[in-house]
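Examination of the molecular architecture
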Amino acid sequence: MISPDRFRKIRHMLLHRQPDLTVVMDNVNKAHNLSAIIRSCDTVGIGELHAVSYRKSIYTEQDAAAGASKWTTLHLYHEMATVYKKLSDQNMQILVASSSAGCMDFRNIDYTMPTALVVGAEWDGISEAALQGADQTIAIPMFGMVESLNVSVATALILFEAQRQRSAKGMYDSLQMEPGLFHRTLFELAYPRLSRELRQEGAPYPRLDEEGRIC
C-alpha cells in the first residue's frame, strides 16, 4: 500500500507534466550528462524524451540512463529521421541548439507551442541530419572565451526558459495530459507490481481514492 504523502507527490508531478514539450539528445554519450538532462526534464515537467545514437557504445550508455530513471521515459533511436518523423506527426516545432552563426537567441522563441529541443553530442556537436530537419536553430549568447556550454547546462537553461513562458501562460495550472493516460500512469507509478500483474491478466485497473487507496 502506497503512503498518502507519496501518492499525492506522484499525482502532483503528473498534474504538471507537459506532454507537448520534449528533448532529443543527438549522440550525447557521457553518463553524467545524460543523467543531468533527464533530471532537468523531470524538473520542468517533461515525462518523455528521446535519444539518437550512431555508435553502439553510446547506445549502451543511453540505454543505461533510460533504466536509471523511474519518473521519465527515454526512447532510443539509431536514426534522427525516425524521431523527427514522430515529432512532426505530433505537430512539434523542432529547435536545434547550436553555436553556429545565424541562430536565433533562445529567449526569442515561443515555447508555449508544442516543442522539441534537440541538443548535441559532446564529441561531435549537432549532426547534419539534426540540422537539416530543424524548424529553427537557436543559441545561448556567449561573451567569453569558451565557444559553448556543457550540453546538460545548456539544456537546463533553455528548458527553464520554456518553463517560465509556460508558467506565465498558466500551462502548469491545469492538466495537460490526456485524462485516461493520466489515471493509467498514476496507477502504474503508485502500484508498479500490481499494474504489471493486471496487464498480464488483461484486467482493468481499479479506481484509487484521493489518498491512493484502491477502491
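The following paragraphs examine the structure supplied in this document. (Residues numbered from 1 in each chain as written. Predicted model: local features only at pLDDT ≥ 70, side-chain atom pairs only at ≥ 80, totals over all residues. Heavy atoms only, no water.)

Turning next to the nonpolar core. Val23, Met25, Ile37 and Ile138 are the most contacted members of the largest nonpolar core, which has 29 residues in total. At the level of secondary structure, the elements contributing two or more residues to this core comprise strand S1 (21-26), helix H2 (31-44), strand S2 (48-52), strand S4 (93-97), strand S6 (115-120) and helix H6 (151-168). Beyond its immediate chain neighbours, meaning those up to four positions away, methionine 25 contacts Leu34, Ile37, Leu49, His50, Ala51, Val52, Gln62, Leu74 and Val119. (Core = buried A, V, L, I, M, F, W, Y, C linked by side-chain atoms within 4.5 Å. Buried < 20%, exposed > 50% of the residue type's maximum accessible area, 1.4 Å probe, protein only. Helix = DSSP H or I, 4+ residues; strand = E, 2+ residues; numbered from the N terminus. Contact = heavy atoms within 4.5 Å.)

With that settled, the discussion passes to the packing of helix H1 (residues 4-15) against helix H7 (residues 179-190). The geometry of a pair of packed helices is captured by two quantities: the angle between their axes and the separation between those axes. Axis separation between H1 and H7 bottoms out at 10 Å; the angle between their running directions is 145°. When you trace H1 past H7, the crossing you get is right-handed. The residues of H7 that touch H1, namely those facing Phe7, Ile10, Arg11, Met13, Leu14 and Leu15, are Phe182, Thr185, Leu186, Leu189 and Ala190. Per-class residue counts for the contact of H1 with H7 are 9 nonpolar, 1 polar and 1 charged. (Axes fitted to C-alpha atoms, helices over the stretch in contact; angles between N-to-C directions. Left-handed = near helix turned anticlockwise from the far one by under 90°. Nonpolar A, V, L, I, M, F, W, Y, C, P; charged D, E, K, R; others polar.)

Compared with an ideal rise of 1.5 Å per residue, which puts 12 residues at 16 Å, H7 spans 16 Å between its outermost C-alpha atoms and is within 8% of the ideal. The set of residues buried in H7 consists of Phe182, Thr185, Leu186, Phe187, Leu189 and Ala190. The secondary structure elements touched by the buried residues of H7 are H1 and helix H8 (192-201). Here H7 starts with a cap whose side-chain oxygen sits 3.0 Å from the backbone nitrogen of glycine 180, and that cap is glutamate 178. (Expected span 1.5 Å × (residues − 1). Polar contact = N/O pair within 3.5 Å; in protein donor to acceptor, adjacent residues only side chain to side chain.)

Taking strand neighbours across the sheet as the criterion, the 7 strands line up as S3-S2-S1-S6-S4-S7-S5 in an open arrangement whose pairing is parallel. Every other strand in the sheet has two partners, leaving strand S3 (73-77) and strand S5 (104-105) as the edge strands with one partner each. As judged from the 2 bridges shared by S5 and strand S7 (residues 136-139), these two strands associate in the parallel manner. If you follow methionine 104 over to S7, its bridge partner there is isoleucine 138. (Pairing = 2+ DSSP bridges.)

Moving on: the packing of aromatic side chains. For the structure on display, the rule yields 2 aromatic pairs. Aromatic pair phenylalanine 187 and tyrosine 205: ring centres 4.6 Å apart, planes at 20°, arrangement stacked. Note that phenylalanine 187 is positioned in helix H7 and tyrosine 205 in the segment after H8, a separation of 18 residues in sequence. Judged by relative accessible area, phenylalanine 187 falls into the buried class, the value being 1%. Tyrosine 205 sits in the partly exposed class, given a relative accessible area of 23%. Taken together, Phe187, Tyr191 and Tyr205 form an aromatic cluster joined through their ring pairs. (Phe/Tyr/Trp six-rings, centres within 6.5 Å; stacked < 30°, edge-to-face > 60°.)

For the rest of this paragraph, the subject is helix H4 (residues 80-89). Every buried residue of H4 is accounted for by Met80, Val83, Tyr84 and Leu87. The buried residues of H4 occupy an angular sector of 100° when projected down its axis, which confines them to one face. Away from the buried face of H4 by more than 90 degrees, exposed residues Ala81, Lys85 and Asp89 are located. For H4, the secondary structure elements touched by its buried residues are S1, S2, S3, S4, S6 and helix H5 (128-132). Asparagine 91 occupies a position one or two residues after H4 and carries a positive phi of about 60°. (Arc of directions from axis to C-beta.)

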